[in-house]
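What the coordinates show
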Amino acid sequence: MASTRMAELLMLALAALSICNAASIFRPVSDSHRSAALELFAPVGGSFASLEEAYEALRTFEILGVEKQGDVSAATCPSVTSVLGSSSAPKELFYALKVNSILKCNVDDASFEVVASRLKAVLSDASSLLDFYYSIGGLVLIKDQTSNVEVLLGDAEGTFQSIKALSQSDGRWRYSSSNPESSTYAAGLALEALAGVISLASPEINQSLIRTVRNDIVKLFDSIEKYDDGTFYFDEKVVDAREHRGPLSVTSSVIQGLTAFASVTLESITLPQDRILALAKFFLGIGIPGDAKDLFNQISSLACLENNRVSIPLILSLPSTVLSLTKKDQLKVKVNTVLGLNSPPLKVKLIRAFSSVSRDVPVIESQELKYDPESTFHSLVLPETVDVGSYIFVFELALQDSEDGKTYATGGQTQIPIYITGVMKIKNAAIAVLDSDLGTVDTQKSLNLDRENDVSLSANHLQKLRLSFQLSTPHGHTYKPHQAFLKLKHETKVEHVFVLGISGKQFELVLDFLGLVEKFFYLSGRYDLQLTVGDAVMENSFLLPIGHVELDLPEAPEKAPRPPLQPADLSSRYGPKAEIAHIFRSPDKRPPKELSLSFLGLSLLPFLGFLVGLFCLGVNLKNFPSSVLPATFATLFHGGIAAVLLLYVLFWLKLDLFTTLKALGFLGAFLIFVGHRTLSHLASTSAKLKSA
């Protein structure tokens, strides 16, 4: 059963891989994005590295509806007030104001007044696009956060024309008049800056100037690029690596600039809806970025597309693209905005569905899916015409309110690959040994391919082996799986694989051993039989042992091919070895305990005699030096002798000879030194007594 389960997992993996390769499935923002945001934007020590990073994190959390971890305001607001109260660069002021728009830090109108005057001063001397972008963006943020500070531009048209002067004929922008290189990324910044000028203008900007920018936007969209999966994106054409940005960053800049400019103009910007939808699919097709900057660009761009005056894209998605006939799964479709909100009232139509093998014959045509308001799914019960296999389903969205067609982008027809799976019916499975001459059945045994079999057969080189079975779908149609083969494995590990063929409704394999003796290397003996039948849409794919056959083949001639060398079994070479059982020598016979103790007593007799001799001789400590220095040397001398005796005891108990000799060498040198000083003192003392 384990092998069966393994085969099923393999087939499901192949199905998923095939679907992924066929087309991209786009799904709205999900909880996975929220989990990634919490992981990528985790503050270090409760604060972020910069105000720019803090804004990107806070804005991402705000769009996704994620609660901020810890008290971010307590750690970030002091940085905001510090930047706004200092002579920081326009970029720092810009991001400080952006963070303040979310956290609502305690910034008074006097601080806003100082910042506004500083930004106006930068704007009056601005010559580069970035100076315009940060200064105008900062003034717009102040306008949104307080009404008590004057931020309107007196010469808004002059500022507008100064920014417009940096535009190019292809819709791209230059960063400055001294830089001839044009940039798509800069076009997004310019559009956002121009939108800020329009919102700060007093009086209003001339509409003719706004129309020229709208024409630039149309030209910019003429340079849009396309991936194979149908998604559109913008890319930078600047060769300089220092200025180069990836498609995600560039496309995000254009989308934010486009939606910002469209939100402040009176006339709508007309762009093809399919391109707006394809741009949304580009951001969704990225999946979940692993970089915090990329995640911010993705989520902020999708938020701009979620609510804009150009066109709001609607995403058609399926909870599963693998449906089971056996489990009677229904086709379910959901339509949401890019951030996962419900769509306006609409109908989902299945225009047609056709097999990936025969595209000319549709199995479903013109079916409207039924809408369930509780689950918000559009569903359809699969008709009998749909059997197991791989299909292409073509959907189309139809908004119920015609006015919604001006606001939402549904795109044209959407093709989605779908796999229909099921449990195949296996009937009339049998294995037989046939006589080669007449083709009559010598031995035949039935097989149950729902479980392992242990069939035992025997044959010689004049006979044949036949394996046959029928395979049909849940609707009773004959089905040919992608994999159907029989493997014979000799007891010497030599393997042979044969593919089963199909004739009518019957799968059959006939092995003529007379013609296979050379391929089998004339190896007689036991061959284990293993049958494999599998397909991506076959839920009961299996890899089963079905028994063995004893083959009696003729002796190999002299020039017959030899079986190939089998690879070494690495587990037997490098695996754990068998435990070694050590047999030690039996201990020698020892003398009785009483004899050993008697010998120990005899060994101590000389020491006792030595002590008695010292007592008889009247040994005393009268000549022990009385002054400090000679007494110290005398004490060290006697201590050294005691240390030598202790070393002998340790040698007897645990130390080896080399360790004992090294220690004895140090102690001997020490004894010579202190002994010489002690004896010299005694000799001089004795000489003084004699002379006296």
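So, how was this worked out
Residues numbered from 1 in each chain as written. Predicted model: local features only at pLDDT ≥ 70, side-chain atom pairs only at ≥ 80, totals over all residues. Heavy atoms only, no water. pLDDT = per-residue confidence, 0-100. Contact = heavy atoms within 4.5 Å. Helix = DSSP H or I, 4+ residues; strand = E, 2+ residues; numbered from the N terminus. Expected span 1.5 Å × (residues − 1). Buried < 20%, exposed > 50% of the residue type's maximum accessible area, 1.4 Å probe, protein only. Salt bridge = Lys/Arg side-chain N within 4 Å of Asp/Glu carboxyl O. Pairing = 2+ DSSP bridges. Axes fitted to C-alpha atoms, helices over the stretch in contact; angles between N-to-C directions.

Comments concerning the confidence of the model for the chain
Here the chain shows a mean pLDDT of 89. Residues at 70 or above account for 95%. Here residues 1-22 is a poorly scored stretch, pLDDT under 50, and it has 26 contacts once near neighbours within four places are set aside; other chains count.

Describing helix α3 (residues 51-64)
Compared with the 20 Å implied by 1.5 Å per residue over 14 residues, the 20 Å span of α3 between its first and last C-alpha is a close match. When you tally the buried positions in α3, you get 10 out of 14 residues, the bulk of the element. Residues of α3 that are buried: L51, A54, Y55, E56, A57, L58, T60, F61, I63 and L64. Those residues of α3 hidden inside the fold are in contact with α2 (31-40), α4 (72-84), α5 (90-103) and α13 (292-306). Looking one or two places after α3, you find G65, whose phi comes out positive at around 70 degrees.

Description of the pattern of salt bridges
The final tally for this structure, using the stated rule, is 13 salt bridges. Note that R34 is salt-bridged to D31, the shortest N-O span being 3.0 Å. Taken as a pair, R34 and D31 lie in helix α2 at a separation of three residues, close to a single helical turn. Of the charged contacts, one joins D216 and K164 as a salt bridge, the two residues approaching to 3.1 Å between their closest N and O atoms. Separated by 52 residues along the polypeptide, D216 in helix α10 (residues 207-222) and K164 in helix α8 (residues 156-164) bring together distant segments of the chain. Taken together, the shared-partner salt bridges connect E52, E56, K91 and K293 into one network.

What to know about the sheet that holds strand β22 (residues 506-512)
Spatially, β16-β15-β18-β22-β21 is the arrangement adopted by the five strands of the open sheet, whose pairing is antiparallel. Unpaired on one side and paired on the other, β16 (441-446) and β21 (501-503) mark the two borders of the sheet. Going across the sheet, the axis of each strand differs from the next one's by a mean of 25 degrees, ignoring polarity. Of the strand pairs in this sheet, strand β15 (residues 425-435) and β16 are connected by five bridges, and their pairing is antiparallel. When the bridges of β16 are listed, I431 appears paired with K445.

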